[in-house]
Amino acid sequence: MTLRAILAVFLAAAPALAQDLPRETPAERDARMKWWREARFGMFIHWGLYAVPAGVWKGKPIGGIGEWIMNSANIPVEEYEKLAREFNPVKYDPAEWVGLAREAGMRYLVITSKHHDGFCLFDTKATDYNVVKATPYGKDLLKPLAEECRRQGLRFCTYYSIMDWHHPAQTRGSAKGYNPTKIVEGKKREYLDFMKVQLEELVRGLDTEVLWFDGEWPSWYQEEDGREIYAFLRRLKPSLIINNRVGKGRKGMEGLSKGDREYVGDFGTPEQQIPAKGLPGVDWESCMTMNDTWGYKSTDQKWKSAEKLIRNLIDIASKGGNYLLNVGPTAEGLIPAPSVERLKAVGRWMKTNGEAIWATQASPVGKPDWGRCTRKDLGGGRTRLYLHVFDWPADGTLVLPGVPQKPLGARLLEGGKELSATARDGGIAVALPAQAPDPIATVVVLDVEGEVR
Ligand code: H79
């Protein structure tokens, strides 16, 4: 045996370190991310015991986001636990929820399996603090939802909080703000193993397609823990997609150069914001609420308009990201009516205009004055541009600057009316009807010769 051969045998026998990230070629990564990149629009669901108090504790409205009430109202664990006895979502109808997401044009759904309060919505052997064991409802909430997603063609995905205000290995401070937990001396391994048991249940039992971590900011949880969890999960399910909060690298991502972007995880997670220029070279998803809370709060009626939500979706797609739009169901199991209304409105727009969102790529020309742009490669040396017009030009001419490529034809996406498109000053001018067919966003489909980048 040559030295090289001996070395090769030795290396092959060496056990993989727990934190060794799985190897993957760029092509393999593209294949793994494909469905997610094409989906563009998903439903976030924040559901848990916090839906019982719904923002009010002992008769007092509590400020801040609903799912943080245990922390914001300083509720002791023993007292908060009792909410489980009142959590009985008898009106829960997973087929209706999934149907609504589908109708809105969403292609995946991410639900809280366990939020910061530690309560689990699924059947888990790791703790009795779960919907099956601790509530009058007594049944798994996630399994039927996962099955319904498969039936209706949505990807089923789960959220998991690393910070846990209930687990005995962590203690809550009384600090304000993000109030990171501390780890009980010597208990970190126990907690990481607890996490792994639950994560394995989500992967093997529910076949989750994304693991969406949160609550990674306590300082006892470190980058190396993130690598361990990431590697563990990808070994369990190689096709799994995992957000960047599995590690510690989410803050300030937007300004990072490529070499500095070596955080653990597959996509960035701007929260309640849309990065001004997207996150070039990184997969990303903006998660946002429809009002000002994630978990249901009876007192929060600050709803964004359907127009705002639709334009957010377009804005995000034009920057190459995904939009994860939240609903916070009640303790009875109902998605609040204002959310339903808005999702249906988005769905009406998507029914006509979905092809200008799904499987599109970021605008090659930035942000035009009148709206946004998305793009598809048509193959055969042609590019399709979707021009999402927010502000209808008063003079009836839509000008797309900075596209010297030859126009091949233009039409309204809704109804298919042909429009004349001509080269003008290094750009393209499209003649529009006098009135905007859709005051929220009218899509003009413009095909051009060559690639536009
Ligand atoms: O799950 C949702 C939030 O609970 C969680 N991530 C999303 C997806 C989250 N992470 N960070 N934050 C929320 C922001 C934290 C805001 C806070 Fe506050 C400001 C926590 C403490 C001060 C809001 C106001 C909650 C309590 C007071």
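Higher on the page you've got the structure.
Each chain has its residues counted from 1, running along the sequence as written. Residues qualify for local features only when their pLDDT is at least 70, as the model is predicted, and side-chain atom pairs are given and counted only at 80 or more; totals for whole chains, interfaces and linings, by contrast, use all residues. Hydrogens and water molecules were not included; the side-chain quantities draw on all heavy atoms of the structure.

K.L.:
Would you explain the site of the ligand in this entry?
P.N.:
Residues in contact with the ligand amount to 15 residues; listed here are only the nearest, His 46, Glu 67, His 115, Gly 177 and Asp 214. By the criterion applied in these results, polar contacts are pairs of N or O atoms within 3.5 Å in which, for protein atoms, one can donate a hydrogen and the other can accept it, and in which residues neighboring in sequence qualify only through two side-chain atoms. In the model, an oxygen atom of the ligand is placed 2.6 Å from a nitrogen or oxygen of the His 46 side chain. Measuring from an oxygen atom of the ligand, one finds a side-chain N or O atom of Tyr 159 at 3.4 Å. Each residue is assigned to one class: nonpolar for Ala, Val, Leu, Ile, Met, Phe, Trp, Tyr, Cys and Pro, charged for Asp, Glu, Lys and Arg, and polar for all the others, Gly among them. Considering only residue class, the shell around the ligand consists of seven nonpolar, five polar and three charged. Any residue with a heavy atom positioned within 4 Å of a molecule or strand is treated as near that molecule or strand.

K.L.:
What is the right way to read the packing of aromatic side chains from this model?
P.N.:
The relative placement of two aromatic rings is captured by the distance of their centres and the angle of their planes. Pairing of aromatic rings covers Phe, Tyr and the six-membered ring of Trp, with a centre-to-centre limit of 6.5 Å; geometry is then stacked below 30 degrees between planes, edge-to-face above 60, and tilted otherwise. Inspection of every chain in the model, using the stated rule, returns 20 aromatic pairs. For the ring pair Phe 44 and Tyr 159, a centre distance of 6.0 Å and an interplane angle of 55 degrees mean the geometry is tilted. One end of the pair, Phe 44, is in strand E1 (residues 41–45); the other, Tyr 159, is in strand E5 (residues 155–161), and 115 residues separate them in sequence. For the pair shown, Phe 44 and Tyr 159 are each scored as buried. Ring geometry for Phe 119 and Tyr 129: centres 5.3 Å apart, planes at 80 degrees, overall edge-to-face. Pair noted here: Phe 119 is in the loop between strand E4 (108–114) and helix H6 (131–134) and Tyr 129 is in the loop between E4 and H6, with a separation of ten residues, a long-range link. Here the aromatic cluster, defined as three or more aromatic residues joined through ring pairs, consists of Trp 47, Phe 87, Tyr 92, Trp 97, Phe 119 and Tyr 129. Residue placement shows Lys 139 over the ring face of Tyr 137; its charged tip is 4.6 Å from the ring centre. Elements are defined by DSSP. Helices are runs of H or I of four residues or more, strands are runs of E of two residues or more, and each kind is numbered from the N terminus. The buried label goes to any residue with under 20% of its type's maximum accessible area, the exposed label to any with over 50%, and the partly exposed label to all in between, with areas taken from a 1.4 Å probe on protein chains only. To sit over a ring, a charge needs its Lys NZ or Arg CZ within 6 Å of the ring centre and within 35 degrees of the ring normal.

K.L.:
Hey, could you run me through the sheet that holds strand E14 (residues 397–400) in this one?
P.N.:
Hydrogen bonds between backbone atoms are what pair the strands of a sheet, whose relative direction is either parallel or antiparallel. In short, DSSP must find at least two bridges between two strands for them to pair. Sheet architecture is open: three strands sit in the order E14-E18-E17, paired in antiparallel fashion. With partners counted over all chains shown, the strands left at the sheet margins are E14 and strand E17 (421–424), one partner each. Strand-to-strand, the axes of this sheet are offset by a mean angle of 25 degrees, without reference to chain direction. Relative to strand E18 (residues 427–431), E14 is paired through four bridges, and the arrangement is antiparallel. Paired with Leu 400 across the bridge in E18 is Ile 428. To get an axis, a line is fitted to the C-alpha atoms, and for a helix only the part in contact is used. The angle between two axes follows their N-to-C directions and goes from 0 to 180 degrees.

K.L.:
Got a minute to help me understand the pattern of salt bridges in this structure?
P.N.:
When their charged atoms lie close together, side chains carrying opposite charge are able to pair. The salt bridge criterion pairs a side-chain nitrogen of Lys or Arg with a carboxyl oxygen of Asp or Glu, the two atoms within 4 Å. Enumeration according to the criterion identifies 30 salt bridges in this entry. Ionic pairing is found between Asp 283 and Arg 37, a salt bridge with its closest N-O pair at 2.9 Å. Here Asp 283 is found in the loop between strand E9 (241–242) and strand E10 (285–288), whereas its partner Arg 37 is found in helix H2 (residues 26–39), with 246 residues between them in sequence. Relative accessible area serves as the criterion here: at 12%, Asp 283 is assigned to the buried category. Overall, Arg 37 belongs to the partly exposed group, its relative accessible area being 24%. Two residues, Glu 190 and Lys 187, come together in a salt bridge whose shortest N-O distance is 3.3 Å. According to the relative accessible area criterion, Glu 190 is partly exposed, its value standing at 39%.

K.L.:
Mind showing me how you'd approach the pairing of E10 here?
P.N.:
Within a regular strand, side chains alternate between the sheet's two faces. Of the two faces of E10, the one holding Glu 285 and Cys 287 and the one holding Ser 286 and Met 288 are both buried throughout. For a crossover, the right-handed case is the one in which the path from the first strand over the helix to the second runs clockwise, viewed with the strands pointing away from the viewer. The parallel pair E10 and strand E11 (residues 322–327), bridged by helix H10 (residues 306–318), forms a crossover whose chirality is right-handed.

K.L.:
I'm lost on the side chain of Arg 372 in this one. Help?
P.N.:
Note on placement: Arg 372 falls in strand E12 (residues 371–379). Side-chain polar atoms of Arg 372 contact the side chain of Asp 315, separated by 2.7 Å. In this description, contact between two residues means that some pair of their heavy atoms is separated by no more than 4.5 Å. Excluding anything up to four places from it in sequence, Arg 372 contacts Ile 314, Asp 315, Ser 318, Lys 367, Tyr 386, Leu 387, His 388 and Phe 390.

K.L.:
Looking at this structure, I do not really get helix H7 (residues 142–152). What am I missing?
P.N.:
Given 3.6 residues to a turn, an α-helix orients residues that are three or four positions apart in the same direction. Listing the buried residues of H7 in full gives Leu 142, Leu 145, Ala 146, Glu 148, Cys 149 and Gln 152. Seen along its axis, H7 keeps its buried residues to an arc of 165 degrees; they face one direction. Considering only its buried residues, H7 is in contact with helix H5 (94–104), E4 and E5. One or two positions beyond H7, positive phi appears at Gly 153, with a value near 80 degrees. Working definition: the arc comes from the directions between the helix axis and the C-beta atoms, pointing outward to the latter.

K.L.:
Would you take a moment to explain the environment of Gly 427 for this structure?
P.N.:
In this structure, Gly 427 sits in strand E18. Assessed through its relative accessible area of 3%, Gly 427 is described here as buried.

K.L.:
What exactly am I supposed to notice about the packing of H5 against H7 here?
P.N.:
Any two packed helices are characterised by how steeply their axes cross, that is the angle between the axes, and by the distance between the axes. Where H5 contacts H7, the two axes come as close as 9 Å, and the packing angle between them is 45 degrees. Between H5 and H7, the interaxial angle falls into the category oblique. Crossing hand, H5 versus H7: right-handed. Where H5 approaches H7, its residues Pro 94, Ala 95, Trp 97, Val 98, Gly 99 and Arg 102 are matched on the opposing element by Pro 144, Leu 145, Glu 148, Cys 149 and Gln 152. Looking at the contact of H5 with H7, its residues break down into seven nonpolar, two polar and two charged. Note on terminology: angles under 35 degrees are roughly parallel, angles over 145 are roughly antiparallel, angles of 65 to 115 are roughly perpendicular, and the others are oblique. Helix crossings fall into two classes, left-handed where the near helix is turned counterclockwise from the far one by less than a right angle and right-handed where it is turned clockwise.

K.L.:
Where do I start with the environment of Phe 156 in this structure?
P.N.:
Looking at the element boundaries, Phe 156 is found in strand E5. Spatially, the C-alpha atom of Phe 156 lies 8.3 Å from that of Ile 111, the residues being 45 residues apart in sequence. Setting aside residues up to four positions removed in sequence, Phe 156 forms contacts with Leu 109, Ile 111, Leu 142, Leu 145, Ala 146, Cys 149, Arg 150, Leu 206, Asp 207, Thr 208, Glu 209 and Val 210.

So far we have only geometry, and geometry alone does not tell us how the molecule works.
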